[in-house]
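Close look at the chain arrangement
Here are the chains, one letter per residue:
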Amino acid sequence: MNQAESILSLRDVEKTFAGHCAVDGVSLDVARGEVVAVIGPSGSGKSTMLRCINLLEVPDRGTITVDGTDLDTSGTVSARDLTQLRRRVGMVFQSFNLFPHMTVLRNISLPQERVLGRSRDEADRRSMELLERVGLQQKADAYPAKCSGGQQQRVAIARALALDPEIMLFDEPTSALDPELGLEVLAVMRQLADTGMTMIVVTHEIHFAATVADRLIVMADGRILEQGPPQQVLDDPQHARTRTFLSAIKDR
Amino acid sequence: MDVLPIIVAAIPVTLGVTAASFAIGAVLGLALVAGRRSRWTVVRGLSRSVVEVLRGIPPIVLLFIIFFGIGSGALRMEPFQAAVIGLGLVSAAHLSEVYRGSLLAVPKGQFEAADALGLSRSTTSARVIAPQAFRVAMPGMVTWAISLLKDSALVSTIGVAEIMSVTNQHARSSGDGLMPFILAAAVYIAIGTPLAIWSRWLEKRFARIRKAA
Amino acid sequence: MKSAIFSDWAEWLPRLLDGLWVSVQVTGLSLIIGLAAGLLLALAAFARTRLLTWPAILLVEIGRGMPALVMLQLVYFGLPSVGLTLETYAAVVLALSLTTAAYTSEIIRAGLRAVPDGELEAADALGMSRGDVMRFVVIPQGLRIALPTLLGFAILIFQISSLAFSLGLPELLSQAYSIGAATFRYLDVLTLAGLLYLAVTIPAGWLVARFERRLSRHLTT
Ligand SMILES: Nc1ncnc2c1ncn2[C@@H]1O[C@H](COP(=O)(O)OP(=O)(O)OP(=O)(O)O)[C@@H](O)[C@H]1O
Ligand SMILES: [Mg+2]
């Protein structure tokens, strides 16, 4: 892949926790509009890699480039760079992490007001637009506790989208959900992919990976074990470890 | 600084009041918690009222009622006796709440399992429930001991010659109202801190055990 | 005989109620001042720099570690020797405020810490500043979590206000004691004072318990 058209690249990113190497020199280029699915056994460093991209974890070594702006993570990152990075990279968590003391609408509007400086009206208008897009405009005034898990996750997606990010990161967005609720979240993500959003999705949903992703990455021991078009990786894995892992999830 | 030896000499009295009140409270507290779990509504209501009154009244007021009220009438009482009775009663109420909370923390399944095994009620209580509940109650009991240590300063007002009382006397006679009280505060903190650390350690250990289970 | 007791009680009651009003006043003032200081201490203890956390934690531990009675005596008898002489009323309010600050800061800090990490991460990931995260996410929720315990503490400080007796503040216990000294009817008048304390603390305790149940119901559904 050509560097010029990649919107995100990681170079030799490394992150160690107490002597244990969670991410061990990962390099990755993602093109604008590309949807990348990441799979791999538990503890293989998927979350850590994702969290390194928006610096929720600060890598020990390596460079992260978002749309031409380099961040050398070995030095200290300024607060301004950090805010810049985070408004361009949205993240959705396994556990939704909505603010329970705010209504759905406030959850989506507050970050717009505080981070982008939008007026309350402007923010609310944008929030309603996004709520409509995820099919939840009727929940605007409800508190998160009054929404199902699937609804909460769709709100969390809307909240991240409200900052107009260029890249969206998803860390197992459906793992905490019953299967049928997971489907409504996956539908929203599929729709988002169709609009051309650049997405990196850590997931155990093989079907989603196979049908929506442009590329499938398999991680093990903090490294990228193999990658390629999803069908190819799924049908014809190159590594024995990939085969074991795939058969384990398919048998579930 | 010459007050320090005087304060140190009074430490045993403070510890004595604290320990004796705690012992009384620990035993009476058992009775109160048994009462609150009794089969009979009247006993349950009565125990609950006793606990609410003892927890709701300021300890110093209770001490005054016992020492000046009852003690000046039919029952002559030494200050130390009145102190230990008063603080013992307050402790009983608080410790019964600690016990009650710890009993609630024992999973229902434990009672059911003991039932299913055909254990008698007393065996279940003594061998199955009490040991588990006690472990849960430990940090709360130690925390109460720390409160009690501080509350024991109250008994200076009825004339028990513990830390607070000798400090007050010295402050009055020497005209220095600062140093004696700072030293007294330091001594209370010095006794209470190890207890606080112990309680925190117990709590952490309990949290670990529960996580592992 | 019985009616004689009650007519005495009726005679004492106005003085005792005056005392009760003083108790309620110093409790209220101490709570207002102490809670504000407690919140500041909690935020300092929650800060990221040790320069702030250590002194705050030390102050709190000292304030909590000493008996409230010592705090009262220290403020009233000790401060004059560093050039600050306070009237009894002011000394009582200051001492109780300090005790309140120490205890409530610990309660509030526990509340702030109970806000789930995931929400802080989400706020971080949204690019919110540290100040905004505290203001919009941590403080509102932390205070809400701490509220029942804070209310419980308010009842406790009302009880503690009876220690102001030792400085001669004419609050409820002082009034009862001086009536007792004048009439030698200690048992009656102290019991009546005790009942007045209970008339405040027991219903207040019920209200707090009810409030706590309602709050937990709100959070789980
Ligand atoms: N904050 C942390 N402190 C210490 N170790 C950590 C931390 N976060 C992750 N690790 C360790 O790093 C390794 C990689 O963890 P990571 O969460 O990235 O894996 P994962 O692939 O996302 O796994 P899962 O599928 O279970 O979510 C694991 O061994 C984990 O224990
Ligand atoms: Mg993970």
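As recorded by an unreviewed UniProt entry, chain C carries the name Amino acid ABC transporter permease and is attributed to Aeromicrobium phragmitis. Heading Subcellular location (unreviewed entry) of the UniProt record for chain C holds this comment: "Cell membrane". Checking UniProt for chain C, the heading Sequence similarities (unreviewed entry) contains the comment "Belongs to the binding-protein-dependent transport system permease family. HisMQ subfamily."

Chain B is annotated in an unreviewed UniProt entry as Amino acid ABC transporter permease from Aeromicrobium phragmitis. In its Sequence similarities (unreviewed entry) section, UniProt records this for chain B: "Belongs to the binding-protein-dependent transport system permease family." Per UniProt, the comment on chain B under Subcellular location (unreviewed entry) is "Cell membrane".

**Here's the deal with the interface of chain C and chain B**
Tallying the contact residues gives 31 residues for chain C and 31 residues for chain B. Carbon and sulfur atoms supply 76% of the area buried between chain C and chain B, which totals about 2,700 Å² over both sides. In this assembly, chain C and chain B are joined by zero salt bridges. In this assembly, chain C and chain B are joined by eight residue pairs in polar contact (both at pLDDT 80 or more). Listing elements by their share of the side of chain C that touches chain B, those giving two or more residues are helix 2 (50–65), helix 3 (68–78), helix 7 (172–183) and helix 8 (186–220) of chain C. When residues in the side of chain C that touches chain B are grouped by element, the largest group, 10 residues, is from helix 8 of chain C. Considered class by class, the residues forming the side of chain C that touches chain B number 20 nonpolar, nine polar and two charged.

**What about the sheet that holds strand 8 (residues 198–202) of chain A?**
All names here are of chain A. Strands sit in the order 6-7-8-3-9-10 across an open sheet of six strands; the sheet is mixed. One side of each edge strand has no neighbouring strand; the edge strands of this open sheet are strand 6 (89–92) and strand 10 (223–228). Strand-to-strand twist of the sheet, defined as the mean angle between neighbouring strand axes without regard to direction, takes the value 20 degrees. Examined bridge by bridge, strand 3 (residues 35–39) and strand 8 share four bridges and lie parallel to one another. Its bridge partner lying in strand 8, Val35 is registered against Met199. Across the sheet, helix 9 (residues 240–250) is in contact with strand 3, strand 9 (215–220) and strand 10; its angle to strand 10 comes to roughly 80 degrees.

What counts and how
- Residues numbered from 1 in each chain as written.
- Chains lettered and ligands numbered in written order.
- Predicted model: local features only at pLDDT ≥ 70, side-chain atom pairs only at ≥ 80, totals over all residues.
- Heavy atoms only, no water.
- UniProt positions renumbered as here; feature names shortened; annotations may be inferred.
- Contact = heavy atoms within 4.5 Å.
- Buried area = accessible area lost by both parts, 1.4 Å probe.
- Salt bridge = Lys/Arg side-chain N within 4 Å of Asp/Glu carboxyl O.
- Polar contact = N/O pair within 3.5 Å; in protein donor to acceptor, adjacent residues only side chain to side chain.
- Helix = DSSP H or I, 4+ residues; strand = E, 2+ residues; numbered from the N terminus.
- Nonpolar A, V, L, I, M, F, W, Y, C, P; charged D, E, K, R; others polar.
- Pairing = 2+ DSSP bridges.
- Axes fitted to C-alpha atoms, helices over the stretch in contact; angles between N-to-C directions.

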